[in-house]
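Below, each chain spelled out in residue letters.
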Amino acid sequence: MDAAEAADATDVDVEDVDHVAGLARVDLEAAEREAFPEQFAEILEYFETLDEVPEFDREAELVNVMRPDEVREGLTQSEALRNAAETEDGYFRGPRVS
C-alpha cells in the first residue's frame with residue numbers, strides 16, 4: 001500500500017461519523033461530529049500499524065496446566081449453616097430486597 005492508499009484508508013468524514021453513531025445509537029453534538037473524523041482516522045492508523053507487526057510461530061502443543069477435578073466429601077447442611085447469621089427451614093436467610 002502506497003502513501004496515497006494509506007491516506008485514503010484513514011480518510012473519515014462527518015458522514016462516516018454519523019453512520020457509526022447511528023449504528024451505535026449515539027446522539028452527537030455538532031462539536032463532537034466535527035472532532036471525531038480526525039480521531040477515527042488516528043484509530044484507523046493504529047490498526048494499520050498493528051498490521052505491520054510480524055507474525056511468529058507459536059508452540060503447537062498446548063498443555064493443560066490445571067489439576068484434574070477430584071470428588072471430595074463436602075459440608076453437611078448443618079455444618080454449612082453453622083456460622084450463618086440467620087437461617088430459615090435449613091437455608092441461609094438474607095435481608096429483604098424490596
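Placed above this text is the structure.
Residues numbered from 1 in each chain as written. Predicted model: local features only at pLDDT ≥ 70, side-chain atom pairs only at ≥ 80, totals over all residues. Heavy atoms only, no water.

**Q** So what about the overall build of the protein? Which residues, and what values?
**A** Each helix and strand in the protein was counted, giving four helices and two strands. Out of the 98 residues belonging to the protein, those deemed buried represent 8%. Here the analysis covers contacts within the protein between residues at least 6 apart in sequence; of these, 34% occur between residues at least 24 apart. Carbon and sulfur atoms form 51% of the exposed surface of the protein, whose accessible area is close to 9,700 Å². (Helix = DSSP H or I, 4+ residues; strand = E, 2+ residues; numbered from the N terminus. Buried < 20%, exposed > 50% of the residue type's maximum accessible area, 1.4 Å probe, protein only. Contact = heavy atoms within 4.5 Å. Areas by Shrake-Rupley, 256 points an atom, 1.4 Å probe, with all protein chains shown as cover.)

**Q** Explain the packing of aromatic side chains to me, using residue names and the numbers behind them.
**A** Two aromatic rings are characterised by how far apart their centres lie and by the angle between their planes. Inspection of every chain in the model, using the stated rule, returns one aromatic pair. Summarising the aromatic geometry, the rings of F36 and F40 are spaced 6.0 Å apart at their centres and angled 40 degrees between planes, so their arrangement reads as tilted. Of this pair, F36 and F40 are both found in helix α3 (residues 30-51), four residues apart, which corresponds to roughly one turn of the helix. F40 sits in the partly exposed class, given a relative accessible area of 26%. (Phe/Tyr/Trp six-rings, centres within 6.5 Å; stacked < 30°, edge-to-face > 60°.)

**Q** Please set out the pattern of salt bridges residue by residue, giving values where relevant.
**A** Going through the model one piece at a time under the given rule, you end up with two salt bridges. Its salt-bridge partner being R33, residue D18 comes within 2.5 Å of it at the nearest N-O pair. Of this pair, D18 sits in helix α2 (residues 14-24) while R33 sits in helix α3, and the two are 15 residues apart along the sequence. Residue D18 is classed as partly exposed on the basis of its relative accessible area, which comes to 33%. A salt bridge links R93 to E88; the shortest N-O distance between them is 3.3 Å. Overall, the relative accessible area of 46% leaves R93 in the partly exposed class. (Salt bridge = Lys/Arg side-chain N within 4 Å of Asp/Glu carboxyl O.)

Coordinates in, geometry out; function isn't part of it.
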